[in-house]
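An overview of the molecular structure
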Amino acid sequence: MLAILHPDIALESEAYRQTMHFLENLPGVSVRVHQVQGAQQRLTEVYLLGETKSLNKEDIEALPAVERAIRISDDYRILGRHKDDRRQSGFTYNGVTFDQSNLNIFAGLCAVDVPEHVEQMMQVLEDNGQVCTRMGAYKPRTNPYSFQGHGKGCLPWVFEKAGKHGIKVVAMEITHESHIEEIDHCLEQLGRPTGVMLQVGTRNTQNFELLKAIGRQTTYPVLLKRGFGITLNESLNAAEYLASEGNANVIFCLRGMKTEAGQPHRNMVDFAHVPAVKRLTRMPVCVDPSHSVGSRERAPDGILDVMHATAQGVIAGANMVLVDFHPKPEKALVDGPQALLMKELPAYLEDIQLCHDTWKKRQQIYNRLKESAAE
Ligand code: PEP
Ligand code: MN
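Looking at an unreviewed UniProt entry, one finds the chain named 3-deoxy-7-phosphoheptulonate synthase and attributed to Marinobacter vulgaris.

Domain annotation for the chain reports domain 1 (2–73) and domain 2 (91–367). The straight-line distance from the C-alpha centre of domain 1 to that of domain 2 is 35 Å.

Of all the positions in helix α6 (residues 208–215), only Leu210, Leu211, Ala213, Ile214 and Gly215 are classed as buried. Packed against the buried residues of α6 are α5 (178–190), β10 (195–200), β11 (222–225) and α7 (232–244).

Ideal values for angles at a metal depend on the geometry: 109.5 degrees with four tetrahedral donors, 90 or 180 degrees with six octahedral donors. Coordination sphere of the manganese ion (ligand 2), protein contribution only: Cys110 (SG), His291 (NE2) and Asp335 (OD), at 2.0 to 2.3 Å. The motif formed by the donor residues of the manganese ion (ligand 2), counted along the single chain, is C-x180-H-x43-D. Note that His291 is positioned in helix α9 (residues 289–293) and Asp335 in the loop between β14 (320–324) and α11 (345–374), a separation of 44 residues in sequence. Each member of the pair His291 and Asp335 is classed as buried.

UniProt feature "domain: DAHP synthetase I/KDSA" (unreviewed entry): in the numbering of this structure it lies at residues 101–349. Along residues 101–349 the backbone is 34% helical and 14% strand, and the end-to-end C-alpha distance reaches 18 Å.

Turning our attention to the nonpolar core. Met135 and Ile183 are the most contacted members of the largest nonpolar core, which has 94 residues in total. For this core, the element with the most residues is α7, which contributes 6 residues. Looking at which domains feed residues into this core, each of domain 1 (2–73) and domain 2 (91–367) supplies at least three. One finds Ala3, Leu26, Val29 and Val46 within the second-largest nonpolar core, a separate group that totals 17 residues.

Relative to the assigned elements, Val293 resides in helix α9. Residue classification places Val293 among the buried residues on the basis of a relative accessible area of 0%. Between the C-alpha atom of Val293 and that of Val306, which follows or precedes it by 13 residues, the distance is 5.9 Å. If we skip the residues at most four places from it in the chain, Val293 touches His265, Arg266, Val269, Asp305, Val306 and Ala309.

This part takes up the sheet that holds β10. In space, the 8 strands of this open sheet follow the order β7-β14-β13-β12-β11-β10-β9-β8, with parallel pairing throughout. Unpaired on one side and paired on the other, β7 (104–108) and β8 (132–134) mark the two borders of the sheet. Direction aside, the axes of adjacent strands within the sheet are offset by 25 degrees on average. As judged from the 5 bridges shared by β7 and β14, these two strands associate in the parallel manner. Of the residues in β14, the one forming a bridge with Ile105 is Val321.

Reported here for the largest pocket is a volume of approximately 400 Å³. In this structure, the largest pocket is lined by 25 residues; those nearest its centre are Val36, Gln37, Phe91, Ala248 and Asn249. Of all the secondary-structure elements, those providing two or more residues to the lining of the largest pocket are β2 (29–37), β3 (42–50) and β5 (91–93). Among the elements that take part in the lining of the largest pocket, β2 stands out by supplying 4 residues, more than any other.

The next thing to look at is the pattern of salt bridges. The tally for this structure, following the rule as stated, stands at 15 salt bridges. The salt bridge involving Asp288 is made with Lys225; its shortest N-O contact spans 2.6 Å. A residue pair is termed long-range when its members are at least 10 positions apart, and Asp288 in the loop between β13 (285–287) and α9 and Lys225 in strand β11 qualify at 63 residues. Comparing Asp288 with Lys225, the two get one shared label, buried. Ionic contacts of the salt-bridge type, sharing partners, join the residues Glu45, Asp85 and Arg87 into one network.

Turning to the side chain of Asp324, a few remarks are in order. In this fold, Asp324 is placed in strand β14. At a separation of 2.7 Å, a polar atom in the side chain of Asp324 contacts the side chain of Gln338. For Asp324, the residues in contact, after removing those within four places along its chain, are Gly108, Cys110, Arg134, Ser290, His291, Asp335, Gln338, Ala339 and Leu340.

By nearness alone, every residue bordering ligand 1 is listed as Cys110, Arg134, Lys139, Glu173, Gln199, Gly201, Thr202, Arg203, Lys225, Arg255 and His291. Measuring from an oxygen atom of ligand 1, one finds a side-chain N or O atom of Arg134 at 2.7 Å. Contact between ligand 1 and Arg203: an oxygen atom at 3.0 Å from a side-chain N or O atom of the residue. For ligand 1, whose free accessible area comes to 290 Å², the fraction covered by protein is 96%. Here the residues of the shell around ligand 1 are counted per class, giving 1 nonpolar, 4 polar and 6 charged.

Turning next to empty space enclosed by the protein. Evaluated as defined, the whole model comprises 1 cavity of 30 Å³ or more. Estimates place the volume of the largest cavity at around 30 Å³. A per-class count over the lining of the largest cavity returns 6 nonpolar, 1 polar and 2 charged.

Reading the values: rules and limits
Residues numbered from 1 in each chain as written. Chains lettered and ligands numbered in written order. Predicted model: local features only at pLDDT ≥ 70, side-chain atom pairs only at ≥ 80, totals over all residues. Heavy atoms only, no water. Domains from an automatic or database assignment. Buried < 20%, exposed > 50% of the residue type's maximum accessible area, 1.4 Å probe, protein only. Helix = DSSP H or I, 4+ residues; strand = E, 2+ residues; numbered from the N terminus. Contact = heavy atoms within 4.5 Å. Donors = N, O, S within 2.8 Å, 3.2 Å for Na, K, Ca; no water. UniProt positions renumbered as here; feature names shortened; annotations may be inferred. Core = buried A, V, L, I, M, F, W, Y, C linked by side-chain atoms within 4.5 Å. Pairing = 2+ DSSP bridges. Axes fitted to C-alpha atoms, helices over the stretch in contact; angles between N-to-C directions. 1 Å grid on protein atoms, 1.4 Å probe; cavity = no way out; pocket = protein on both sides within 12 Å on 5 of 7 lines; lining within 4 Å. Points joined across faces, edges and corners; volume = space filled by probe spheres on them. Salt bridge = Lys/Arg side-chain N within 4 Å of Asp/Glu carboxyl O. Polar contact = N/O pair within 3.5 Å; in protein donor to acceptor, adjacent residues only side chain to side chain. Near = heavy atom within 4 Å. Areas by Shrake-Rupley, 256 points an atom, 1.4 Å probe, with all protein chains shown as cover. Nonpolar A, V, L, I, M, F, W, Y, C, P; charged D, E, K, R; others polar.

What follows is the structure, given as structure tokens:
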């Protein structure tokens, strides 16, 4: 059971004290308080866990601090959608809103290499009105002798350049909990010129200790990649690990599944799951067409497979696109063969906008159908 308290209720108030006293003394029930900071207000959610079957929803709703109660299923308690659950989806971070109805594009370098390339990338983003990017500093590589990323050494100049070009959010993968501190320390020293979204890569989707460490902090939102060899349910539970530790500002990223059946693509594109994840959970959903497709192959219609895959995700309602670009893909230290070119960005953004608008129109068509059925 979940009790949602009145918005902005003061934790020192008598109503809150009385309510918590009642809930904490329910036999066999443990209580977990979760704060949600929305754009306008702060919500307090109280999760009641354990022997909750016999609890009466009306009794809980009668408590002075409670606005409403929801019976929740065991799966994805915090991030999931439950019956009669009208809770908001999404969050705002550093001035950028992420929810299940809007769209943000994170084009950038798979791996940070030299300052010149980062500068060129950020300049093109600024010229095209973009405020988000991806920049890999910590790279998990299959081969131990491959370039592992510049690590904390590159953070100061990457963040400075981001600030200079008006970038508000940098998606950056971390592979160890100590990287949170490195990022935080660097941003703090620079006076927070930009923000960071911590990315959990597909190889770490079930690294539960890493998930718990990231979940314990709420300074940075999280982009969790779907595990490439596990079920959707297992990956959604990984997202719930973050929320259960206190950080529910999570975006779920589809990035293709590892199987020979995906060939000629690097992975089997799984973007038909965009609406499924939105139905099962309240998380905004991201698609990563670069790691799904893995090449710059072009179809006879003149459109790259990466662009086609992007369109499929966005037209199905994706809320974020994470995509590799590089000024000189032949010089890239990681994943050059799948990178899009600087000059391709304007057309790519236009294509994405077209698909996002089409998704909105598709909703109208089906909503009209629903309305006429109700008449
Ligand atoms: C990446 O985004 O750079 C990356 C390594 O992706 P994934 O974890 O999906 O392989
Ligand atoms: Mn990559």
